[in-house]
Amino acid sequence: MDFFIITTLAKDISRLDLIGILFGHLIFGIALTKLLDWTWLKNLMSEEDKTRMLKSYIWKDLLVDGAIVTVVLGIIFLIISIFL
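Residues numbered from 1 in each chain as written. Predicted model: local features only at pLDDT ≥ 70, side-chain atom pairs only at ≥ 80, totals over all residues. Heavy atoms only, no water.

Chemist: With reference to specific residues and values, describe the overall build of the protein chain.
Modeler: When helices and strands are counted, the protein chain shows 4 helices and 0 strands. Of the regular secondary structure in the protein chain, the N- to C-terminal order runs α-α-α-α. (Helix = DSSP H or I, 4+ residues; strand = E, 2+ residues; numbered from the N terminus.)

Chemist: Just give me the short version of the pattern of salt bridges, but keep the residues and values in it.
Modeler: Tallied over the full model, the rule gives 2 salt bridges. Between Lys 50 and Glu 47 there is a salt bridge whose closest N-O contact spans 3.6 Å. You can see Lys 50 and its partner Glu 47 sitting in helix 3 (residues 47-55), 3 residues apart, about one turn around the helix. Residue classification places Glu 47 among the exposed residues on the basis of a relative accessible area of 54%. The closest approach of N and O atoms between Arg 52 and Asp 49, which form a salt bridge, is 2.8 Å. Placement of the pair is Arg 52 and Asp 49 together in helix 3, with a separation of 3 residues, close to one helical turn. (Salt bridge = Lys/Arg side-chain N within 4 Å of Asp/Glu carboxyl O. Buried < 20%, exposed > 50% of the residue type's maximum accessible area, 1.4 Å probe, protein only.)

Chemist: Now, about a nonpolar patch on the surface: what can you tell me, with residues and values included?
Modeler: A surface patch of nonpolar side chains, amounting to about 1000 Å² of accessible area, comprises Phe 28, Leu 32, Leu 36, Trp 38, Trp 40, Leu 41, Leu 44, Met 45, Met 53 and Leu 54. Those elements that provide at least two residues to the nonpolar patch are helix 2 (15-35) and helix 3. By the secondary structure assignment, Leu 41 is in the loop between helix 2 and helix 3. (Patch = residues over 30% accessible without salt bridge, like charges linked within 9 Å, V, L, I, M, F, W, Y side chains within 5 Å. Areas by Shrake-Rupley, 256 points an atom, 1.4 Å probe, with all protein chains shown as cover.)

Chemist: Describe the environment of Arg 15, with residues and values.
Modeler: Here Arg 15 is to be found in helix 2. Distance in space between the C-alpha atoms of Arg 15 and Ile 80 is 9.9 Å, their sequence separation being 65 residues.

The quantities given are spatial measurements derived from coordinates; they are silent on function.
Printed below as a string of structure tokens:
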């Protein structure tokens, strides 16, 4: 049932609307990143923990991270293709 709601919405929205929505989200994300204070992130781990973690990072971890990014990008492109 939800799929039919999405396809009906896809007929009502234009490409200009979709581009505006995506561009607005991008601007909001950049502005929010600039506004928030991210200095607390460097205090999460000690230097020894960081070096130990980076030394234990192997190619399998990189493969898993790449797969996660690929799945997320695939979902984003699927949603975009529904509206185009």
